[in-house]
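Chains, contacts and geometry: an overview
Read off the chains here:
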Amino acid sequence: MIFDRLADAIAKHAKLIVVLWIAILLVSVPLALKSGDVMKYDVNDMAAEDSESIQGMMVMGQYYPSGGVDVSSVPIIVIKYSTAEEIALSEKFVGYLTEHAPEYVDADGKQKLSSRAPFVSMGTQEKAGLEGGIFLAGVVYDSSFEGNITDDTSALRSFISQQKEKFDGTNPGFAGVSTYLTGTTAISADMAEGALKDISRIDPFTVLLILVLVGLFFRSFVTSATPPMTIGFAFIVTLALIYGIGQILNIFFITEMMILVSMMGAGCDYCIFIIARYREGLRSGLGHDKALHEAVVWAGESIATSGASVIIGFGAMSICSISIVSTMGICLAIGILVALLAALTMIPAILELIHDKIFWPTSVDSFREGGKATKGWFGWFGRLGERYFEGSSRFSLKHAKAIVIATVLVTVPAAYMMANAELSYDMVSSMQTGESGEGMDLIGDYANQGMLMPNYVVFESSEPLADIQSFDASAFAPLIGMGLVTQETAAMMSQMKSLTWSRSYGSLDVDGLCSGIAKDPNVAAISGPFVWESEVSKATRELIAEGTADPTPTQIVDRVISDSPETMALYVTNTLQTIRAAGLPDAMIVAGAGSAIDYLVNTLSRSVGGSFANSADGNGTVDYITVTYSTVDAAMSPKSMRTISGAESTINSFMDANPVLESKWVTGSAAVMYDISNAVGAEFDKIEIIVVILIIILLFVVMKSYLIPIRSVLTILMSICWTLAVTHLLFTDVLGVSVMWLIPMILLVICLGLGMDYDILLTTRIKENVIKGMSNDDAIHHAVTHTGSVITICGLIMGGAFGTLMLSSMVMMQQFGFALCFAILCDALVVRTYIVPAIMHLLGKWNWVGPKFMRRGTA
């Protein structure tokens, strides 16, 4: 038997095993310290590369101008005001920031922000019934900025804070006004910082919890430190391996948070199983060698089977096309494998080297009848536990039918609730934290929550939709001679380009497409490519309709700015302010700058793409156009997911009506999550089936029974149903927060893996008793009374380890923490203590019916 040979090998080479683990640890430390460098925080990295949204992003990256400004990547300043005076001061403060933008430089003294319009006012947002409102401004980085905007968040915040202190000195009325830096880049930066803070808070608490619980259970300082120390070794080794994996795969930061609690929970359970079985052998009179050998053989089989089931569960996640799921599965499977190896080798090696001194300052004799550990408060709790499990076992055997009926009555409505509950794919809202989270909350209160994460519909045309060419500098000479423009203005304009729309574009009813998509009440704003001539005509008609007989150019330009939809306002405002600041009169802007404005607005907003984006001189054709729309609800909320789905028919009809259009892609961060939401259902079912089948096969081989594997899986699935129902009730109905889509998947694989620990420990003990000649009921009673305390302490450790995730500042991690903690505790304290014994009692001899060639001594 493999575990017999393992026990013998450990007895002979204990010192070598410990030395090897120390050597591996020393090699792993430098790489483990770098593991944080490979963690990802961008939701756009989650979807499969062949998904429509990712393909659309690739198209925009290849054929759209790199100097454009994506509103979803622009840092946003949110200023909370209460009075009209504070609105004026907010506008003034943005101007003050613009004046001092040249002071914000990199290490080489190069200005980071745009020299044309570094801070762009996006106006005010107010909502009826709420006091005051918010003033928004975008921060535009220069196209030459070589750094990472997300990584620059902290420095930008510091700069804005310093400038506000100076501004407050001359404008005391602004001193009490709060400002926030948010947007997707700031959210990603705060996620990274929040994750580090969460880990620094969760990890020590997890270790402390384990030290206390194990110390109380074994009444020993040494024993309490041994499991977390052993798994700590394994954790460092795992981080080193993750650093290597991160060089080729996208690993998301929540993986690192999940790994520690999973390894500490499961790994410490494995260690405790072996140590507890060793102590039990010593207490029963076996010598050290025999007790250790039996602990490795019997507890080793249990934890190896349990570890294999966990690895199967996590390994099945690796087939998922969604990278956040697949890489998490790979990393967690590796973590559990390393923890299992450490528990199977290092723990027995330590026991071999220090014998029963591992229980210091308590001796094994003190645990025997009449010993010190059987007296006082420790003895009282021990006897209380023994009486409890004696009673629970007898109760389960006596009232087995009633327990099973009650279980079914609870499970059916829980399963119905679980099947009909709506899940959320709003990863950003569930993980936002810090200052950016507060800013997003204000935007949610006063504005459209989806404004910072619009959706992009990219169309490819078989014919050029526009032509982009450089201006002829000589064309400005007459204008200079007439005094209409200055030399400086002419020089600036000659450096721009003109965009001339083709007949092919004129044949497209883009406005009709926008109107069709906008019929969804959740669509807050929508815009296609910007056409200056059309916007001027529209503004003129509106002004005349309002009673202005002969609108002035200034009135027309101002109206174009104010009428710009939310999805285009930043770019229109930025462009027209820049042209005005260069000295071009409004009359010339209205009459003669249209092609230049179209070029600037559409390239800034990345509304057009084509050959010009990759040509050396920037001239060429426009072969791609983009329609952009934002939502009222949060961009990734269930309602906004339905908006993306609802727009598909309108977009497809537009494609059918315009043969010139060859392809289309719907992209953006929300569209990425939409693709994930479509893929996850089918893939989750596939993963679930694979996990269930493989675990049933594993248990069938180990237990040599037809029914036990099925019963084990069904009771775990029952626990999952209960947990998901309670999680939905708590978070959705009580706290008003939708449950994230990852929760059911992770809960399934973790519970089918880690939750199987307790079932395997109990069932293998019952099997061992049956092999030794006990009747079915006696075997059940003996197993429950002798494993109840171990299962309980392990359940408290694992449940507590996962429960520490509720200390996180991120809602999704809090949901993970609650769901996993509840599931593990429910399984350990209720299912394995009452329901499994009741079912096995009712099954009787059918528990052990299996293939004859595999039974070998089972009853």
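As a starting point, this report considers the structure included with it. Here, residues in each chain are numbered from 1, in the same order as that chain's written sequence. The model is predicted, so local features are restricted to residues of pLDDT at least 70 and side-chain atom pairs to those at 80 or more, both for listing and for counting; the totals for chains, interfaces and linings are taken over all residues. Hydrogens and water are ignored here; the side-chain numbers use all heavy atoms of the structure.

1. So, the overall build of the protein chain
Rules: Working definition: helices are DSSP H or I runs of at least four residues, strands are E runs of at least two. Numbering for both runs from the N terminus. We call two residues in contact whenever any of their non-hydrogen atoms come within 4.5 Å of each other. Residue burial considers only the protein chains on display, and all accessible areas are found by Shrake-Rupley using a 1.4 Å probe. A positive count includes Lys and Arg, and a negative count includes Asp and Glu. His and the chain ends are not counted in either. We put the charge of a Lys on NZ, of an Arg on CZ, of an Asp on CG and of a Glu on CD.
A count of helical and extended segments in the protein chain gives 31 helices and 13 strands. For the protein chain, the spread of C-alpha atoms along the principal axes amounts to about 110 × 55 × 50 Å. For the protein chain, the share of sequence-separated contacts (at least 6 apart) that also reach a separation of at least 24 residues comes to 81%. Accessible surface, the protein chain: about 33900 Å² in total, of which carbon and sulfur atoms supply 60%. Measuring between centres, the 52 positive side-chain charges of the protein chain sit 18 Å from its 81 negative side-chain charges.

2. Describing helix 24 (residues 638-657)
So the rule is basically this: Expected span of a helix, by definition, is 1.5 Å for each gap between consecutive residues, and there is one gap fewer than residues. What is called the bend at a residue is the angle between a pair of axes, fitted to the seven residues leading up to and ending at it and to the seven starting from it. Exposure is judged per residue with a 1.4 Å probe applied to protein chains only, and the accessible area is read against the type maximum: over 50% gives exposed, under 20% gives buried, and values in between give partly exposed.
Over its 20 residues, helix 24 extends 30 Å from the first C-alpha to the last, a length consistent with the 28 Å expected when each residue adds 1.5 Å. The sharpest bend along helix 24 measures roughly 30° and falls at Glu648. Where helix 24 is concerned, the buried positions are Pro638, Ser640, Met641, Thr643, Ile644, Ala647, Ile651, Phe654 and Met655.

3. As for the nonpolar core
A general tendency of soluble globular proteins is for nonpolar side chains to be buried together. What counts, and what does not: Take the buried residues of types Ala, Val, Leu, Ile, Met, Phe, Trp, Tyr and Cys, join any two whose side-chain atoms come within 4.5 Å, and each joined set is a nonpolar core.
In this structure, Met427, Phe459, Trp741, Leu742 and Phe816 are the most contacted members of the largest nonpolar core, which totals 248 residues. At 20 residues, the largest contribution of residues to this core is made by helix 8 (residues 253-283).

4. Things to note about unusual backbone geometry
The residue His355 is not glycine, and still its phi comes out positive at about 55°. By the element assignment, His355 lies in the loop between helix 10 (323-354) and helix 11 (376-398). Its identity is not glycine, yet Arg606 carries a phi of approximately 55°, on the positive side. Looking at the secondary structure, you find Arg606 in the loop between helix 23 (594-604) and strand 11 (608-610). Accessibility expressed as a relative area gives 17% for Arg606, which makes it buried.

5. Some thoughts on the packing of helix 8 against helix 29 (residues 776-803)
Short version of the rule: Interaxial angles span 0 to 180 degrees and are taken between N-to-C directions of axes, which are lines fitted to C-alpha atoms, for helices over the stretch in contact. Angles below 35 degrees are treated as roughly parallel, those above 145 as roughly antiparallel, those between 65 and 115 as roughly perpendicular, and all remaining angles as oblique. A clockwise turn of the near helix away from the far one marks a right-handed crossing, whereas an anticlockwise turn of less than a right angle marks a left-handed crossing.
Helix 29 packs onto helix 8 with a crossing angle of 160° between their chain directions and a minimal axis gap of 9 Å. Relative to helix 29, helix 8 is oriented roughly antiparallel. Between helix 8 and helix 29 lies a crossing whose hand is right-handed. Between helix 8 and helix 29, the contacting residues are Val261, Ser262, Met264, Gly265, Ala266, Cys268, Asp269, Ile272, Phe273, Ala276 and Glu280 on the first element and His786, Val790, Ile793, Cys794, Ile797, Met798, Ala801 and Phe802 on the second.

6. Section: the packing of helix 1 (residues 2-12) against helix 9 (residues 288-317)
Describing two packed helices takes the angle between their axes plus the distance from one axis to the other. Spelled out, the test is: Throughout, the ten residues Ala, Val, Leu, Ile, Met, Phe, Trp, Tyr, Cys and Pro are labelled nonpolar, Asp, Glu, Lys and Arg are labelled charged, and all others, Gly among them, are labelled polar.
Between helix 1 and helix 9, the least distance of the axes is 9 Å, while the angle of their chain directions is 130°. Classified by the angle between their axes, helix 1 and helix 9 sit oblique to one another. In this structure, helix 1 meets helix 9 at a crossing whose hand is right-handed. Residues Phe3, Asp4, Leu6, Ala7 and Asp8 of helix 1 touch helix 9, and the partners they reach there are His293, Val296, Val297, Gly300, Glu301 and Ala304. Split by residue class, the contact of helix 1 with helix 9 holds six nonpolar, two polar and three charged.

7. A look at the pairing of strand 9 (residues 497-501)
Our working definition: Here, a strand pair is defined by DSSP locating no fewer than two bridges between the strands.
Of all five residues in strand 9, four are buried; the element is thus mostly enclosed. Bridging between strand 8 (residues 466-470) and strand 9 involves five bridges; their strand directions are antiparallel. Residue pairing for strand 9: Gln469 is matched across the bridge by Ser498.

8. As for the packing of aromatic side chains
Note the cut-off: When two rings of Phe, Tyr or Trp (its six-membered ring) have centres within 6.5 Å they constitute a pair, described as stacked for plane angles under 30 degrees, edge-to-face for angles over 60, and tilted for the intermediate range.
Taken as a whole and judged by the stated rule, the model has 21 aromatic pairs. With a centroid separation of 5.9 Å and 25° between ring planes, the pair formed by Phe818 and Phe822 is classed as stacked. Of the two residues, Phe818 and Phe822 are both situated in helix 30 (residues 811-843); the distance of four residues between them amounts to about one turn of the helix. On the accessibility criterion, Phe818 (16% relative accessible area) is buried. By relative accessible area, Phe822 is classed as partly exposed at 27%. A network of ring pairs unites the aromatic residues Tyr63, Tyr64, Tyr624 and Trp665 as a single cluster.

9. Let's talk about the sheet that holds strand 2 (residues 76-81)
If you walk across this open sheet you meet the four strands as 3-4-2-5, and the pairing is antiparallel. Taken across any chain shown, the strands that pair with only one partner, and hence form the sheet edges, are strand 3 (119-125) and strand 5 (178-182). For this sheet the average axis-to-axis angle between neighbouring strands, irrespective of direction, equals 20°. Here six bridges tie strand 3 to strand 4 (residues 133-139), and the two strands are oriented antiparallel to one another. Following the sheet pairing, Thr124 is matched in strand 4 by Phe135. The strands that helix 5 (residues 153-170) touches are strand 2, strand 3, strand 4 and strand 5; relative to strand 5, the one it contacts most, it runs at about 160°. Where helix 14 (residues 434-446) meets the sheet, its contacts fall on strand 2, strand 3, strand 4 and strand 5, and the angle it forms with strand 5 comes to roughly 100°.

10. Here's the deal with the pattern of salt bridges
In plain terms, the rule: What makes a salt bridge here is a side-chain nitrogen of Lys or Arg within 4 Å of a carboxyl oxygen of Asp or Glu, nothing more.
In the structure shown here, the tally under the stated rule is 22 salt bridges. Of the charged contacts in the structure, one is a salt bridge between Asp168 and Lys164, with a shortest N-O distance of 3.0 Å. Residue Asp168 and its partner Lys164 are both found in helix 5; the two are separated by four residues, about one turn of the helix. With respect to class, Asp168 is no different from Lys164; both count as buried.

11. Points about the environment of Leu33
Its location among the elements puts Leu33 in the loop between helix 2 (14-32) and strand 1 (39-40). Classification of Leu33 as exposed rests on a relative accessible area of 69%. A C-alpha to C-alpha distance of 31 Å links Leu33 and Ile10, two positions 23 residues apart in sequence.

12. Brief notes about helix 8
Here helix 8 spans 45 Å end to end across 31 residues, near enough to the 45 Å set by a 1.5 Å rise per residue. Residue Gly285 follows helix 8 closely and has a positive phi angle near 100°.

13. Some words on the side chain of Arg832
For clarity, the threshold we go by: Any pair of nitrogen or oxygen atoms within 3.5 Å is treated as a polar contact; in protein, a donor-acceptor pairing is required on top of that, and neighbouring residues in sequence qualify only through side-chain atoms on both sides.
Along the polypeptide, Arg832 turns up in helix 30. We classify Arg832 as buried; its relative accessible area is 2%. Of note is the side chain of Arg832, whose polar atom sits 3.2 Å from the side chain of Thr715. A polar side-chain atom of Arg832 sits 2.4 Å from a polar atom in the side chain of Asp759.

14. Side note on a nonpolar patch on the surface
Put simply, the rule is: Patch membership needs two things, relative accessible area over 30% and no salt bridge, and members are linked within 9 Å if like-charged or within 5 Å if nonpolar (Val, Leu, Ile, Met, Phe, Trp, Tyr).
On the surface, Ile689, Ile693, Leu694, Ile697 and Val701 cluster together into a nonpolar patch covering about 430 Å² of accessible area. Residue position: Ile689 is located in helix 25 (residues 669-703).

15. Some thoughts on the state of the cysteines
The following threshold applies: Here, a disulfide means two cysteine sulfur atoms that sit within 2.5 Å of each other.
Taken as a whole and judged by the stated rule, the model has zero disulfides. Residue Cys268 stays outside any disulfide, its sulfur separated by 5.8 Å from that of Cys271, the closest cysteine. On the accessibility criterion, Cys268 (0% relative accessible area) is buried. Unpaired in this structure, Cys721 has its nearest cysteine sulfur neighbour in Cys751, at a distance of 11 Å. Cys721 gets classed as buried once you look at its relative accessible area, which sits at 11%.

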